[in-house]
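Given next are the chains, with one letter for each unit.
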Amino acid sequence: MNQDDLANIAAQTKESENRYDHVIKVCVAAGCLSANADQVKTQLESELKQRGLETCCKVKGVGCMGLCAAGPLVAADTNEKMFQAVTPADASAIIDTVMDDKPAPPAIVMDSQLDFFTGQKKIVLENSGEIDPERIEDYIAADGYEALFHVITKLKPLGVIEQVTKSGLRGRGGAGFPTGLKWTTVYKASGTQKYVICNADEGDPGAFMDRSVLESDPHRVLEGMAIAAYAVGANKGFIYCRAEYPLAVKRLRIAIRQAESNGLLGMNIGDTHFDFKVEIRLGAGAFVCGEETALIASIEGGRGTPRPRPPFPAQSGLWNAPTLINNVETFANIAPIIRRGGDWYASIGTDKSKGTKVFALAGRVNNTGLIEVPMGITLRDIIFKLGGGIPEGRKFKAVQSGGPSGGCVPEQFLDIPVDYDSLASVGSIMGSGGMIVMDETSCMVDVAKFFMDFCMSESCGKCVPCRVGTTQMHNILERISEGKAGSKDLDLLHRLTGMVKAASLCGLGQTAPNPTLTTLRYFMDEYRAHIEEGRCPAGICHPVKVEEEAEVGV
Amino acid sequence: MNKPTIEICTLIIENLECGGRSDQTILEVAEEYGIFIPTLCRLSGLSNIGACRMCMVEVKGNNKLQPACVTKVQEGMEVTVNSERLAEYRKLTLEMLFSERNHICSVCVTNGHCDLQALAQKLGVNHITMPYIHPHSHVDASHPRFIADHNRCILCTRCIRVCAEIEGAHTWDLMGRGTKARVITDLNRPWGESESCTGCGKCVQVCPTGALSEKGQAAGEMLKRRTFLPYLNMMREVGR
């Protein structure tokens, strides 16, 4: 395949789409599928056939449209007509609306001008909800693989890295390491064999950004990986995806097969001397395997436990070869950066955090789902504009970003800009993009306990501070929520959080105390109510006041 | 891959000017200069894994603590081994280990010869401030000569490493996560039924606590015979 073939496929696909007067898009990502979106799609197709309209209206399965809570979602043409909570029985009404402009039943009409949709800026998700994730032609028609061709025919590896560096892109897995710098390190590392790894072991509770990208637009990730491989000099790539994402894995497999048969992956890509093969490795359910050295150990076939860094994977990673490891969302940003230039990307966002970020908005908020917003937007805008505020007019309490590694941000910081450094300054982290909203019915001790429970069960057990520290902290939090704790426990909790943060081997342990630390800092009154008054202000825990302080120690 | 060139570096450890090769760790250089850094999972001759976090040190200019057993020395490094913070963290680490399973010294076969106990005495840990977790752990006495008492195990993985790296049998390994992690023989079969175990007993001798012991020992009688340890490095070299 060469550049002309690519243009031909794009033109043909666009032409065949233009033959239809209307296109009805049905979301077939995991969220909507679980609400019977596939049946809606079949019903729409058979209804159109029955009416003899199959030549002027097309039904297309597309990726995630974002507002997962209102699924299954259906959209028509350029999304000015949208439908929510659709059932197969609504098929005929939808066709009436699309074809003949008849008003649809109010229950399924969705306002396409909601702040949830208009407040977003889509780069990573530009094709989500627009293209069929199982057809490479759809991706190519949306300028797909154009960036890869540009890179391998016109740019030198350093030229690619220059654009990525210029874009100011930082790792979207959570830590925010400058992507250009990482690529430069791997490029400069000596060694004939190098690897590119895509980290798709997304495990934060309530987070589904990477899953959505893989289910909605898998080719975008493959293209990003191929560009990265060309830039750093790798010829082999792995996608480490958790096995709990069967649909994402299925679509990735289809995408890899299609790309290989079209000469976009494999040997002599685009008739050049560039080779790049991609394989999928499935994670077996360990959260810690999202940590890069544990992930590498797991791909090598060993027990998924982290090892001390340095050496960093960029110098010595998979099978001791220099390895570039980036998150799904990071790779998904690469093609647009190459297509439109690093300067364009750097013009979006804040001074130190460029571009956009995908967030999975969940918890006590009206519009739960997937959003992509420019860096620097305030938390208030995300929660109250895009998220539509708190249900039933309850009072906002805190927002938890970054999953078990992040912290709870209280109301007084709602107006801080969302970027790596601002979130860190209030004790939380950007993380991979999970955002859980809590209102007055959430107990912060309970929240801290939940996340500590998660870290405790997911600790690999290698280093002492994380293995025993998370267990001890969890036990203290449990005693507090049961009203069995004393002030000594609180002191011990303080000591443990500091020590586990400083002494743990990997990111899991080093960040595990964050939810506890931030709740201790911002919601001490709730801890005191549990301990001193035997009362849970939110009514979640059932503390029983004990007269004597619980016995601690020997 | 090109072999990295080895340089001679000067560095300061605990206000003492030291010299070392760039392929040496902070711990190795400190030992040469007689500076004590506490360790538990580390055993000279086995690979270093940086797991127990006892040897954490402060390196000037780096806000993260570094494990001395795996951190290579660099020119101009300034290392602090003893500080109030490090002492607190080491005490807490030991307390965590004591609280994790069941370490009742008075009834333990290695009482008086135990690395964990010795370190606690040296660092002044004479009681613990956190509640015991006391999980249900079993004792595997199926082997004709040895006993594995998981109640005393601190998951240092010395047994795993000596078995895989020196004996070459790889009988021992780990299963489970977090505090539920256990060292196992073969695929979690009783030690006595293990087909890969050669019965060499190196694991028993390198075990820092009373988790692995020889049968027929009463409390305090299990002396670890580690005279073969200096040869571990030589054995590794021959293996290569």
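Definitions and limits used
- Residues numbered from 1 in each chain as written.
- Chains lettered and ligands numbered in written order.
- Predicted model: local features only at pLDDT ≥ 70, side-chain atom pairs only at ≥ 80, totals over all residues.
- Heavy atoms only, no water.
- Helix = DSSP H or I, 4+ residues; strand = E, 2+ residues; numbered from the N terminus.
- Rg over C-alpha atoms; globule rule 2.2 N^0.38 Å.
- Buried < 20%, exposed > 50% of the residue type's maximum accessible area, 1.4 Å probe, protein only.
- Contact = heavy atoms within 4.5 Å.
- Lys, Arg positive; Asp, Glu negative; His and termini not counted.
- Charge placed at Lys NZ, Arg CZ, Asp CG, Glu CD.
- Pairing = 2+ DSSP bridges.
- Axes fitted to C-alpha atoms, helices over the stretch in contact; angles between N-to-C directions.
- Phe/Tyr/Trp six-rings, centres within 6.5 Å; stacked < 30°, edge-to-face > 60°.
- Lys NZ or Arg CZ within 6 Å of the ring centre and 35° of its normal.
- Buried area = accessible area lost by both parts, 1.4 Å probe.
- Salt bridge = Lys/Arg side-chain N within 4 Å of Asp/Glu carboxyl O.
- Expected span 1.5 Å × (residues − 1).
- pLDDT = per-residue confidence, 0-100.
- Core = buried A, V, L, I, M, F, W, Y, C linked by side-chain atoms within 4.5 Å.
- Parallel < 35°, antiparallel > 145°, perpendicular 65-115°, else oblique.
- Left-handed = near helix turned anticlockwise from the far one by under 90°.

Observations regarding the overall build of chain B
Phase 1 of the analysis: Looking only at helices and strands, chain B has six helices and ten strands in total.
Phase 2 of the analysis: Against the 2.2 N^0.38 benchmark of 18 Å for 240 residues, chain B shows a C-alpha radius of gyration of 19 Å, consistent with a compact globule.
Phase 3 of the analysis: Summarising its shape, the C-alpha atoms of chain B cover approximately 55 × 45 × 30 Å along the three principal directions.
Phase 4 of the analysis: The buried share of chain B, reckoned over its 240 residues, is 50%.
Phase 5 of the analysis: Of the contacts made within chain B by residues no fewer than 6 positions apart, 60% connect residues no fewer than 24 positions apart.
Phase 6 of the analysis: Here chain B contributes 27 positive and 26 negative side-chain charges, whose respective centroids are spaced 3 Å apart.

Brief notes about the sheet that holds strand 5 (residues 78-80) of chain B
Residue and element names in this part refer to chain B.
Phase 1 of the analysis: One open sheet holds the five strands; their spatial order is 2-1-5-3-4, and the pairing between them is mixed. Looking at which strands have only one partner, the edges of the open sheet turn out to be strand 2 (16-21) and strand 4 (66-67).
Phase 2 of the analysis: The pairing of strand 3 (residues 56-59) with strand 5 spans two bridges and is classified as antiparallel. Bridge assignment links Val59 to a residue of strand 5, and that residue is Val79.
Phase 3 of the analysis: In this fold helix 2 (residues 84-100) packs onto strand 3 and strand 5, with an angle of close to 160° to the strand it touches most, strand 3.

Topic: the packing of aromatic side chains
Residue and element names in this part refer to chain A.
Phase 1 of the analysis: Evaluation of the coordinates by the stated rule reveals 14 aromatic pairs over all chains.
Phase 2 of the analysis: Note on Phe116 and Phe117: the rings are 5.3 Å apart at their centroids and 90° apart in plane angle, and the pair reads as edge-to-face.
Phase 3 of the analysis: We classify Phe116 as buried; its relative accessible area is 1%.
Phase 4 of the analysis: Taking the centre distance of 5.1 Å and the plane angle of 80° together, the rings of Phe450 and Phe451 count as edge-to-face.
Phase 5 of the analysis: With relative accessibility at 44%, the residue Phe450 sits in the partly exposed group.
Phase 6 of the analysis: Phe451 gets classed as buried once you look at its relative accessible area, which sits at 3%.
Phase 7 of the analysis: What links up through ring pairs into an aromatic cluster is the set Tyr195, Phe238 and Trp319.
Phase 8 of the analysis: Across from the ring centre of Tyr245, 6.0 Å away, lies the NZ or CZ of Arg211, which sits over that ring.

Description of the interface of chain A and chain B
Phase 1 of the analysis: The interface of chain A with chain B comprises 39 residues on the first partner and 37 residues on the second.
Phase 2 of the analysis: A buried area of about 3000 Å², summed over both sides, lies between chain A and chain B, and 60% of it is on carbon and sulfur atoms.
Phase 3 of the analysis: For the pair chain A and chain B, the interface holds three salt bridges.
Phase 4 of the analysis: With a closest N to O distance of 2.9 Å, A:Arg495 and B:Glu88 form a salt bridge.

Remarks on the sheet that holds strand 5 (residues 109-110) of chain A
All names here are of chain A.
Phase 1 of the analysis: Taken in spatial order, the five strands line up as 2-1-3-4-5 in an open sheet, and their pairing is mixed. Taken across any chain shown, the strands that pair with only one partner, and hence form the sheet edges, are strand 2 (57-62) and strand 5.
Phase 2 of the analysis: Sheet topology note: the strand 1 (residues 22-27)/strand 3 (residues 74-76) ladder contains three bridges and is antiparallel. Looking across to strand 3, one finds that Lys25 is bridged to Ala75.
Phase 3 of the analysis: Packing against the sheet, helix 3 (residues 37-50) makes contact with strand 1, strand 2 and strand 3, and its axis sits at approximately 170° to strand 2.

With respect to helix 20 (residues 487-503) of chain A
Along an α-helix, residues three or four positions apart point the same way, because every turn accommodates 3.6 residues.
Phase 1 of the analysis: Between the first and last C-alpha of helix 20 of chain A there are 24 Å, a value that for 17 residues agrees with the 24 Å anticipated at 1.5 Å per step.
Phase 2 of the analysis: Summarising the contacts, the buried residues of helix 20 of chain A are in contact with helix 19 (464-481), helix 21 (507-511), helix 22 (514-522) and helix 23 (524-533) of chain A together with strand 3 and helix 2 of chain B.

Here's the deal with the confidence of the model for chain A
Phase 1 of the analysis: When pLDDT is averaged across chain A, the result is 94; 98% of the residues are at 70 or more.
Phase 2 of the analysis: Across residues 550-554 of chain A the pLDDT falls below 50, and counting only partners more than four positions away or on other chains, this stretch makes twelve contacts in the model.

What about the nonpolar core?
Phase 1 of the analysis: In this structure, A:Tyr145, A:Trp183 and A:Phe276 are the most contacted members of the largest nonpolar core, which totals 140 residues.
Phase 2 of the analysis: It is helix 11 (residues 218-232) of chain A that provides the largest number of residues to this core, a total of ten residues.
Phase 3 of the analysis: Those residues in contact with A:Phe276 that sit more than four places away from it in its chain are A:Val196, A:Met225, A:Ala226, A:Ala229, A:Ala234, A:Asn235, A:Lys236, A:Gly237, A:Leu265, A:Gly266 and A:Ile269.
Phase 4 of the analysis: By size, the runner-up hydrophobic cluster in this structure holds 50 residues, among which are A:Cys443, A:Met452, A:Ala502 and B:Leu97.

Considering the pattern of salt bridges
Residue and element names in this part refer to chain A.
Phase 1 of the analysis: Counted by the stated rule, this structure contains 47 salt bridges over all chains.
Phase 2 of the analysis: A salt bridge links Arg479 to Asp489, with the shortest nitrogen-to-oxygen separation between them at 2.5 Å. A residue pair is termed long-range when its members are at least 10 positions apart, and Arg479 in helix 19 and Asp489 in helix 20 qualify at ten residues. You'll find Arg479 and Asp489 in the same group, each marked buried.
Phase 3 of the analysis: Residues joined by salt bridges that share partners form a network here, namely Glu17, Lys58, Lys60, Arg135 and Asp138.

Thoughts on the pairing of strand 12 (residues 396-401) of chain A
All names here are of chain A.
Phase 1 of the analysis: Of all the six residues making up strand 12, six are buried; the element is thus mostly covered by neighbouring parts of the structure.
Phase 2 of the analysis: Both strand 12 and strand 14 (residues 434-439) contribute to a ladder of five bridges, which runs antiparallel. Within the sheet, the bridge partner assigned to Val399 lies in strand 14 and is Val437.
Phase 3 of the analysis: Taken together, the three bridges between strand 12 and strand 13 (residues 408-410) define a ladder with antiparallel strand orientation. Looking at strand 13, one finds that Gln400 is bridged to Cys408.

Some thoughts on the pairing of strand 6 (residues 195-200) of chain A
Residues and elements named next belong to chain A.
Phase 1 of the analysis: Counting buried residues along strand 6, six of its six residues qualify, which places the element largely inside the surrounding structure.
Phase 2 of the analysis: Of the two faces of strand 6, the one holding Tyr195, Ile197 and Asn199 and the one holding Val196, Cys198 and Ala200 are both buried throughout.
Phase 3 of the analysis: Taken together, the six bridges between strand 6 and strand 7 (residues 236-242) define a ladder with parallel strand orientation. Directly across from Ala200, in strand 7, lies its bridge partner Cys241.
Phase 4 of the analysis: Alignment of strand 6 against strand 9 (residues 323-327), held across five bridges, turns out to be parallel. Paired with Cys198 across the two strands is Asn326, which belongs to strand 9.

Thoughts on the side chain of A:Lys25
Phase 1 of the analysis: In this fold, A:Lys25 is placed in strand 1.
Phase 2 of the analysis: Those residues in contact with A:Lys25 that lie beyond four places of it in its chain are A:Lys60, A:Val62, A:Met65, A:Leu73, A:Val74, A:Ala75, A:Asp77, A:Asn79, A:Gly129 and A:Glu130.

Comments concerning the packing of helix 2 of chain B against helix 3 (residues 115-122) of chain B
Residues and elements named next belong to chain B.
Phase 1 of the analysis: Their axes nearest at 11 Å, the elements helix 2 and helix 3 cross at an angle of 140°. Relative to helix 3, the element helix 2 is oriented oblique. In terms of crossing hand, the pair formed by helix 2 and helix 3 is left-handed. Contacts between helix 2 and helix 3 involve Leu94, Leu97 and Phe98 from the first element and Leu116, Leu119 and Ala120 from the second.

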